Amino acid sequence: MANKFRTLDDVDVKGKRVLLRVDLNVPMDNGRVTDATRLERVAPTITEISDKGGKVILLAHFGRPKGRDAKDSLKPVAEALSRVVKKPVAFADDCVGEPAAKAVAALNDGDILCLENTRFHKEEEKNDPAFVAELAKLGDIWVSDAFSAAHRAHASTEGLGHKLPAYAGRTMQAELDALEKALGSPTKPVIAIIGGAKVSTKIDLLENLVTKVDALVIGGGMANTFLHAQGVGVGKSLAEKDLAPTALRIMEKAEAANCAIILPVDATVAYHFAANAPSHAYGLDAIPADGMILDVGPQSVVRVQAAIDDAATLVWNGPLGAFELQPFDRGTVAAAKHAAERTKAKKLISIAGGGDTVAALNQAHVAGDFTYVSTAGGAFLEWMEGKPLPGVEVLRIK
């Protein structure tokens, strides 16, 4: 994979002004960062460029501001980042113009500077050529380390790659390597576990995956739509009944591609959508008309674990049930722990991504045991849908 993209191994950064696009979109509460995961992810790239004598100039967005807005300033994030990288991080209160130019001119080799939120300028999201040119003046090379923003063709995530020599940072490189192992040229057989509430948000994903994987496990509310399409009574469960024809079309496409679709064979049913609501496991022929399927049943868990045992590579996006409510997290947690055990035993390459998925793996205390866990929500999903990502394409060696 590495030979398809230019990385930090292909450039000497000493003395160079390095425009480094990172993801600093971290959760905040009262001006304090409440989860530093994304800062920790980009720290190795920042530190490496700094240690090699590059001038690190950070570009990032925060939130969805409509113009300049103090609550979306990156200043408190830069302060938190300084604690993570254990080096001073200077701050400029704009990303272009005189404040940025002065701050960049003041940098010594190895110094780190964070520029203000790129989205304070509407030209960022429009990928405006004049704005790209203004940003490009500040650097000698551009390094992208923000896979999570790579599905957007914005000035700082894609435009700069056409103006300056472009390289993948270490976080981006790790993500691209992991994705290549997952679906690009994976070790077969490959299984995908796709869960979540709605089929409607994952039609493109399912249609792409059935042509790429050997088996596809469908869980969560999505599975109810497939079961309904096959004539199974799903009671009052969440199901997009109008998408029955879509579900059947995906199943036909899977059959033609020789991809096994694995649906639940039993279900955990409750009468209230609430934590610890009384529940019972039922076979598919006995789902109560006034009941709600909130998790896969025990036989389905065994079936999913067997499918994981048969696989060499696992790609996971979405929980198998209403995992945020106990005890309806049991199916997801059991499958996650099983995948983690296989991974630790070197029998499985496991790649997972998406917000709910990361939360579920953390709940099962196994996120650290997977081969790779992507924190990039939309970009990870679009990549799994088989769509080219502008911020990745611009890094390819032509």
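The protein chain is annotated in an unreviewed UniProt entry as Phosphoglycerate kinase from Bradyrhizobium sacchari. What UniProt records for the protein chain under Catalytic activity (unreviewed entry) is the sentence "(2R)-3-phosphoglycerate + ATP = (2R)-3-phospho-glyceroyl phosphate + ADP". Regarding the protein chain, the UniProt comment filed under Sequence similarities (unreviewed entry) reads as follows: "Belongs to the phosphoglycerate kinase family."

Here the focus is the pattern of salt bridges. One pass over the full model with this rule turns up 22 salt bridges. Across the pair Lys52 and Glu48 runs a salt bridge, and its minimum N-O distance is 2.8 Å. Classification of Lys52 as partly exposed rests on a relative accessible area of 43%.

Of note, the amide linkage connecting Lys188 to Pro189 takes the cis form, showing an omega dihedral of 0 degrees. The phi torsion at Lys86 lies on the positive side, around 60 degrees, for a residue other than glycine. Take Lys86: it is sitting in the loop between helix 2 (75-85) and strand 5 (90-92).

Further remarks concern the nonpolar core. Core analysis: the biggest nonpolar cluster contains 76 residues, and Leu115, Phe147, Leu160, Ile194, Leu209, Leu216 and Phe226 have the highest contact counts within it. A per-element tally of this core places helix 6 (residues 170-184) first, with six residues. Here this core spans two domains, since at least three of its residues come from each of domain 1 (17-170) and domain 2 (186-385). Excluding its chain neighbours within four sequence positions, the residues that come into contact with Ile194 are Lys202, Leu205, Leu206, Leu209, Leu216, Val217, Ile218, Gly219, Met222, Asn317, Gly318 and Met384.

Parameters and conventions
Residues numbered from 1 in each chain as written. Predicted model: local features only at pLDDT ≥ 70, side-chain atom pairs only at ≥ 80, totals over all residues. Heavy atoms only, no water. UniProt positions renumbered as here; feature names shortened; annotations may be inferred. Salt bridge = Lys/Arg side-chain N within 4 Å of Asp/Glu carboxyl O. Buried < 20%, exposed > 50% of the residue type's maximum accessible area, 1.4 Å probe, protein only. Helix = DSSP H or I, 4+ residues; strand = E, 2+ residues; numbered from the N terminus. Core = buried A, V, L, I, M, F, W, Y, C linked by side-chain atoms within 4.5 Å. Domains from an automatic or database assignment. Contact = heavy atoms within 4.5 Å.

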